[in-house]
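Single-letter residue listing:
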Amino acid sequence: AIKQFPDIHDEVGYTAISGFIFLRFFAPAILNPKLFGLRPENPNPVVARSLLLISKTIQNLGNIGSRQRGSSLRKEDYMVPLLTQLMDPQHIKAVKNYLDAVATEETNYLESSLQLCTVYREGYLVKRALARKKLSVKNFKKRYFVLSHLGLSYSKP
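Residues numbered from 1 in each chain as written. Predicted model: local features only at pLDDT ≥ 70, side-chain atom pairs only at ≥ 80, totals over all residues. Heavy atoms only, no water.

What to know about the nonpolar core
1) Next: Tyr14, Ile21, Phe22, Leu61, Leu83, Leu86, Met87, Ile92, Val95 and Leu99 form the largest nonpolar core, which has ten residues in total.
2) Next: At the level of secondary structure, the elements contributing two or more residues to this core comprise α1 (9-31), α3 (80-86) and α4 (89-103). (Core = buried A, V, L, I, M, F, W, Y, C linked by side-chain atoms within 4.5 Å. Buried < 20%, exposed > 50% of the residue type's maximum accessible area, 1.4 Å probe, protein only. Helix = DSSP H or I, 4+ residues; strand = E, 2+ residues; numbered from the N terminus.)

As for the packing of aromatic side chains
1) Next: Tallied over the entire structure, the rule returns four aromatic pairs.
2) Next: Between phenylalanine 22 and phenylalanine 26, the ring centres sit 5.3 Å apart and the planes meet at 75°, which makes this aromatic pair edge-to-face. Here phenylalanine 26 and phenylalanine 22 lie together in helix α1, a separation of four residues that amounts to about one turn.
3) Next: Relative accessible area serves as the criterion here: at 8%, phenylalanine 22 is assigned to the buried category.
4) Next: Centre to centre, the rings of phenylalanine 26 and tyrosine 98 are 6.3 Å apart; their planes meet at 35°, and the pair counts as tilted. Of the two residues, phenylalanine 26 is situated in helix α1 and tyrosine 98 in helix α4; the sequence distance between them amounts to 72 residues.
5) Next: By relative accessible area, which is 30% here, phenylalanine 26 ends up partly exposed. (Phe/Tyr/Trp six-rings, centres within 6.5 Å; stacked < 30°, edge-to-face > 60°.)

What about the side chain of arginine 143?
1) Next: Along the polypeptide, arginine 143 turns up in strand β2 (residues 140-148).
2) Next: The residues contacting arginine 143, other than those within four sequence positions of it, are Gly123, Tyr124, Leu125, Lys127, Tyr154, Ser155, Lys156 and Pro157. (Contact = heavy atoms within 4.5 Å.)

Here's the deal with the pattern of salt bridges
1) Next: The final tally for this structure, using the stated rule, is one salt bridge.
2) Next: Among the ionic pairs, arginine 39 bridges to glutamate 41, the shortest N-O distance being 3.0 Å.
3) Next: Looking at glutamate 41, the relative accessible area reads 37%, which means it is partly exposed. (Salt bridge = Lys/Arg side-chain N within 4 Å of Asp/Glu carboxyl O.)

Considering the pairing of strand β3 (residues 151-155)
Consecutive side chains along a regular strand alternate between the two faces of the sheet.
1) Next: Of the strand pairs in this sheet, β2 and β3 are connected by five bridges, and their pairing is antiparallel. Along β3, the bridge assignment pairs leucine 147 with leucine 152. (Pairing = 2+ DSSP bridges.)

Section: a nonpolar patch on the surface
1) Next: Together, Phe20, Phe25 and Phe26 make up an exposed nonpolar region whose accessible area comes to about 300 Å².
2) Next: Assignment of secondary structure puts phenylalanine 20 in helix α1. (Patch = residues over 30% accessible without salt bridge, like charges linked within 9 Å, V, L, I, M, F, W, Y side chains within 5 Å. Areas by Shrake-Rupley, 256 points an atom, 1.4 Å probe, with all protein chains shown as cover.)

Listed below in structure tokens is the structure:
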């Protein structure tokens, strides 16, 4: 790719790697979380639309070398401020550091730049509202939890 596009020598490597990683891994996982085992069911249309916009935003951030940054989000006028904020040098440097970490074989660099998370258990649990004194169905809420070496977190499913 560098031989084919010598005028943008510095960006070609990042464009090739980011295009592969963001388009082949991140975008499909974001757009179809059930297929990748991230959710038990497909998202509803409102959530699917939000996931589409998130996917587009991440793809635009990943297109470091592209001369038409943000072209797919320019149609969404309300997304332009977010895209402008994400295209600052700090975020672009962070993406380049990530791509360097993914594309290199140096294990020390990977270990120092990516913090791995060990998940001990994850799934659904039933949370009881402690403030209510009467026992009823409203007192119990289904929550999705993740227990890892970093701690316990839970959220609405």
